[in-house]
Amino acid sequence: MEIIGKLTEDNGRIEFRCERSGLVVRGDYPEWVLAAAAEMMAAIAEKEIEGKIEELSALVEFGEATETAIDGARWEHKSRFEIVPQCTVTMGSTEYRWVAPDAEAVRVGEFDGHPVKRVHNMALTRNDSFLANEPGVGPGSGETS
């Protein structure tokens, strides 16, 4: 396992560090710091892949690389930066699917306006018993409170 970055708090200030790229982001709230770090890490990665494509293009001109290598680098760029970011999120024992705000149509439709959607549908029951009243419980059961 490789540590890519580290989020810490020191005297009320949140800090994210990515030693690989020399990135340090500081702010008042973890969500701000992580949002800034994500944007910066994406920009750094995109520039690295674009540089790789340019380098391979020059090498092709000198006969040191093939067009296939450039196609591979272009595919790497497209698969990382064209596809809308999606992840699984676990909170406690519950799994969720997350999509980036770029996928607004998905968030509005399938996700009902939320950033995440529960992976397991807990309303899916074998006997259609989700939210069904239990006998002897609830209004009209003769119980008094």
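This text goes with the structure placed above it.
Anyway, here's the lowdown on the structure attached to this text. Note that the coordinates shown come from a computational prediction; the quantities given were computed from them, not determined experimentally.

Focus on the overall build of the protein
Inference 1: When you go through the protein residue by residue, the secondary structure sums to three helices and six strands.
Inference 2: Overall, the protein shows an N-to-C arrangement of helices and strands of β-β-β-α-α-β-β-α-β.
Inference 3: For 145 residues, the compact-globule estimate of 2.2 N^0.38 gives 15 Å, and the protein exceeds it by more than 25% at 24 Å.
Inference 4: The principal-axis extents of the C-alpha atoms in the protein amount to approximately 90 × 45 × 30 Å.
Inference 5: For the protein, buried positions account for 17% of its 145 residues.
Inference 6: If you take every contact in the protein between residues at least 6 apart in sequence, the share linking residues at least 24 apart comes to 15%.
Inference 7: Looking at the protein as shown, the accessible area adds up to about 11,600 Å², and 53% of this sits on carbon and sulfur atoms.
Inference 8: Computed over 15 positive and 27 negative side-chain charges, the inter-centroid distance for the protein is 2 Å.

Some details on the environment of Tyr-29
Inference 1: Tracing the chain through its elements places Tyr-29 in the loop between strand S3 (23–27) and helix H1 (30–61).
Inference 2: Of the residues examined, Tyr-29 reaches a relative accessible area of 42% and is grouped as partly exposed.
Inference 3: Sequence separation of Tyr-29 and Gly-12 is 17 residues, and the distance between their C-alpha atoms is 8.7 Å.

Describing the pattern of salt bridges
Inference 1: Under the counting rule described, the total for this entry stands at eight salt bridges.
Inference 2: Residues Glu-76 and Lys-52 are paired through a salt bridge, measuring 3.2 Å at the closest nitrogen-oxygen approach. Taken as a pair, Glu-76 in helix H2 (residues 67–81) and Lys-52 in helix H1 lie far apart in primary sequence, 24 residues in all.
Inference 3: Looking at Glu-76, the relative accessible area reads 30%, which means it is partly exposed.
Inference 4: A salt bridge links Lys-117 to Glu-110; the nearest nitrogen and oxygen atoms lie 3.7 Å apart.
Inference 5: By relative accessible area, which is 35% here, Lys-117 ends up partly exposed.
Inference 6: On the accessibility criterion, Glu-110 (43% relative accessible area) is partly exposed.
Inference 7: The network of salt bridges with common partners includes Glu-15, Arg-17 and Arg-26.

Section: the layout of surface pockets
Inference 1: Considered as a void within the structure, the largest pocket measures approximately 670 Å³ in volume.
Inference 2: At the level of elements, strand S2 (13–18), H1 and H2 are the ones that each hand at least two residues to the lining of the largest pocket.
Inference 3: Broken down by element, the residue count for the lining of the largest pocket peaks at 10 residues, all from H1.
Inference 4: Counted by class, the lining of the largest pocket contains 14 nonpolar, one polar and four charged residues.

Let's talk about the sheet that holds S2
Inference 1: Strand order in the open sheet formed by three strands is S1-S2-S3, and the pairing between neighbours is antiparallel. Each end of this open sheet is capped by a strand with a single partner; those strands are strand S1 (6–10) and S3. Strand after strand, the sheet turns through a mean of 20° between neighbouring axes, direction not considered.
Inference 2: When S1 meets S2, the two strands line up antiparallel, connected through five bridges. Bridge assignment links Asp-10 to a residue of S2, and that residue is Arg-13.

Cut-offs used in this document
Along each chain, the written sequence defines residue order, and numbers are assigned to residues from 1. Confidence filtering applies because this is a predicted model: local features only for residues at pLDDT of at least 70, side-chain atom pairs given and counted only at 80 or more, and all residues used for totals across whole chains, interfaces and linings. Calculation of side-chain values draws on the structure's entire complement of heavy atoms; hydrogens and water are dropped beforehand. For helices the rule is a DSSP run of H or I covering at least 4 residues; for strands it is a run of E covering at least 2, with both sets numbered from the N terminus onward. Using C-alpha atoms as the atom set, the radius of gyration is obtained and then compared with a globule rule of 2.2 Å times the number of residues to the power 0.38. Relative accessibility under 20% of the residue-type maximum defines a buried residue, over 50% an exposed one, and the middle range a partly exposed one, all with a 1.4 Å probe and only protein chains included. Here a residue-residue contact requires only that any non-hydrogen atoms of the pair lie within 4.5 Å. Only the protein chains shown count as covering a residue, and every accessible area follows the Shrake-Rupley method with a 1.4 Å probe. Counting rule for charge: Lys and Arg are taken as positive, Asp and Glu as negative, and neither His nor the chain ends is counted. Note on charges: their place is set at NZ of Lys, CZ of Arg, CG of Asp or CD of Glu. Any carboxyl oxygen of Asp or Glu that lies within 4 Å of a side-chain nitrogen of Lys or Arg is treated as forming a salt bridge with it. For cavity detection a 1 Å grid was placed over the protein atoms alone, and a set of points counts as a cavity when a 1.4 Å probe fits there but cannot get out; an open set counts as a pocket when protein lies on both sides within 12 Å along at least five of seven lines, with lining residues being those that have an atom within 4 Å of a point. Grid points are joined across faces, edges and corners, and a volume is the space filled by probe spheres set on the points. Polar here means any residue other than Ala, Val, Leu, Ile, Met, Phe, Trp, Tyr, Cys and Pro, which are nonpolar, and Asp, Glu, Lys and Arg, which are charged; Gly is therefore polar. When DSSP finds at least two bridges between two strands, those strands are taken to pair. The convention used is that axes are lines fitted to C-alpha atoms, helices contributing only their stretch in contact, and that angles between N-to-C directions extend from 0 to 180 degrees.

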